[in-house]
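Coordinate inspection notes
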Amino acid sequence: ITIEVPSNSDYTFVKWQETPPETFPAENQSYTAIWILTDLISTAATVADDILSLQGEGPHDIVLVGEISYETMQTIVEAMRTNVNAKVNLDLELTTNYDNNYIGTVFYDCTNLTSIKLPENTTFIHQSAFDGCSSLEEINLPATLAEIGTYAFHRCYNIKTLDIPDGVQMIE
């Protein structure tokens, strides 16, 4: 089944909130499209500049959408480390291609990260991935997650709860 996305130059289609089935089992099915204002789409350098200019403790909400590389994340996290007084809630849920579904150590010692939503396709969190993220209170682990490395959340003193998805097969 093909579902056409209406075009609008002011907005960019991101994804369907629910994955439409290949065939519709019944009539009157509805699906929600997720859009973002085209003006809000930024490059990594622009997002990094925005992070560096954040004023006040926050936390400040930053939502990234679309394809993202490891180098892009390094640029953004380095800006977060530079502006240590601005707490950040980082939402990566709608990103793709982030280091091949793998969360490495790019967030290591990112002390102003207060919450993070990982990309929906994340399958592995590397050892020490969030080690030293002492302000981290909340992390959204996607259902696709299969493995969590040693010390992944070491020195994350403010995490109150951590819901491990059913698909996790190994915690080192």
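Reading the values: the criteria
Residues numbered from 1 in each chain as written. Predicted model: local features only at pLDDT ≥ 70, side-chain atom pairs only at ≥ 80, totals over all residues. Heavy atoms only, no water. Helix = DSSP H or I, 4+ residues; strand = E, 2+ residues; numbered from the N terminus. Buried < 20%, exposed > 50% of the residue type's maximum accessible area, 1.4 Å probe, protein only. Contact = heavy atoms within 4.5 Å. Areas by Shrake-Rupley, 256 points an atom, 1.4 Å probe, with all protein chains shown as cover. Salt bridge = Lys/Arg side-chain N within 4 Å of Asp/Glu carboxyl O. Pairing = 2+ DSSP bridges. Axes fitted to C-alpha atoms, helices over the stretch in contact; angles between N-to-C directions. Polar contact = N/O pair within 3.5 Å; in protein donor to acceptor, adjacent residues only side chain to side chain. Disulfide = S-S within 2.5 Å. Core = buried A, V, L, I, M, F, W, Y, C linked by side-chain atoms within 4.5 Å.

**Considering the overall build of the protein**
- For the protein, the helix and strand inventory stands at two helices and ten strands.
- Helices (α) and strands (β) of the protein occur, in sequence order from the N terminus, as β-β-α-β-α-β-β-β-β-β-β-β.
- Across the 172 residues in the protein, those meeting the buried criterion constitute 35%.
- Counted over contacts in the protein with a minimum sequence separation of 6, partners at least 24 positions apart contribute 49%.
- For the protein, the computed accessible surface area is about 10000 Å², with 46% contributed by carbon and sulfur atoms.

**Topic: the pattern of salt bridges**
- The final tally for this structure, using the stated rule, is four salt bridges.
- In this structure, the salt-bridge partner of D109 is R155, at a minimum N-O distance of 3.1 Å. Of this pair, D109 sits in the loop between β5 (102–103) and β6 (113–117) while R155 is found in the loop between β9 (147–148) and β10 (170–171), placing the two residues 46 residues apart along the sequence.
- Residue classification places R155 among the partly exposed residues on the basis of a relative accessible area of 28%.
- Connected via shared salt-bridge partners are D109, D131 and R155.

**Focus on the sheet that holds strand β8 (residues 138–140)**
- Taken together, four strands build an open sheet; the order of strands is β3-β4-β6-β8 and the sheet is parallel. Two strands lie at the open edges of the sheet, namely β3 (60–67) and β8, each paired on one side alone. Each neighbouring strand pair of the sheet contributes to a mean axis angle of 15°, computed without reference to strand direction.
- With three bridges connecting them, β6 and β8 associate as parallel partners. Bridging across to β8, K117 finds its partner in N140.

**Digging into the side chain of S135**
- As for its placement among the helices and strands, S135 is situated in the loop between β7 (124–125) and β8.
- At 2.5 Å, the side chain of S135 and the backbone oxygen of T111 are in polar contact.
- Residues contacting S135, with those up to four places away along its chain left out, are K87, T111, N112, L113, T114 and N158.

**Comments concerning the state of the cysteines**
- Taken as a whole, this structure holds zero disulfides when the rule is applied.
- No disulfide involves C133; its sulfur sits 5.2 Å from the nearest other cysteine sulfur, which is in C156.
- Residue classification places C133 among the buried positions, given a relative accessible area of 0%.

**Re the nonpolar core**
- Within the largest apolar cluster, 35 residues are counted, with the highest numbers of intra-cluster contacts made by L90, F107, L113, I116, I125, F130 and F153.
- If you list the elements that add at least two residues to this core, you get α1 (44–52), β3, α2 (70–82), β4 (88–96) and β6.
- Among the elements that make up this core, the one with the highest residue count is α2 (five residues).
- Discounting residues that sit within four places of it in the chain, I116 has contacts with L90, L92, F107, F130, L136, E138, I139 and N140.

**Considering the environment of I116**
- Looking at the secondary structure, you find I116 in strand β6.
- Among the residues examined, I116 registers a relative accessible area of 2% and is labelled buried.
- Separated by 23 residues in the primary sequence, I116 and I139 have C-alpha atoms spaced 5.0 Å apart.

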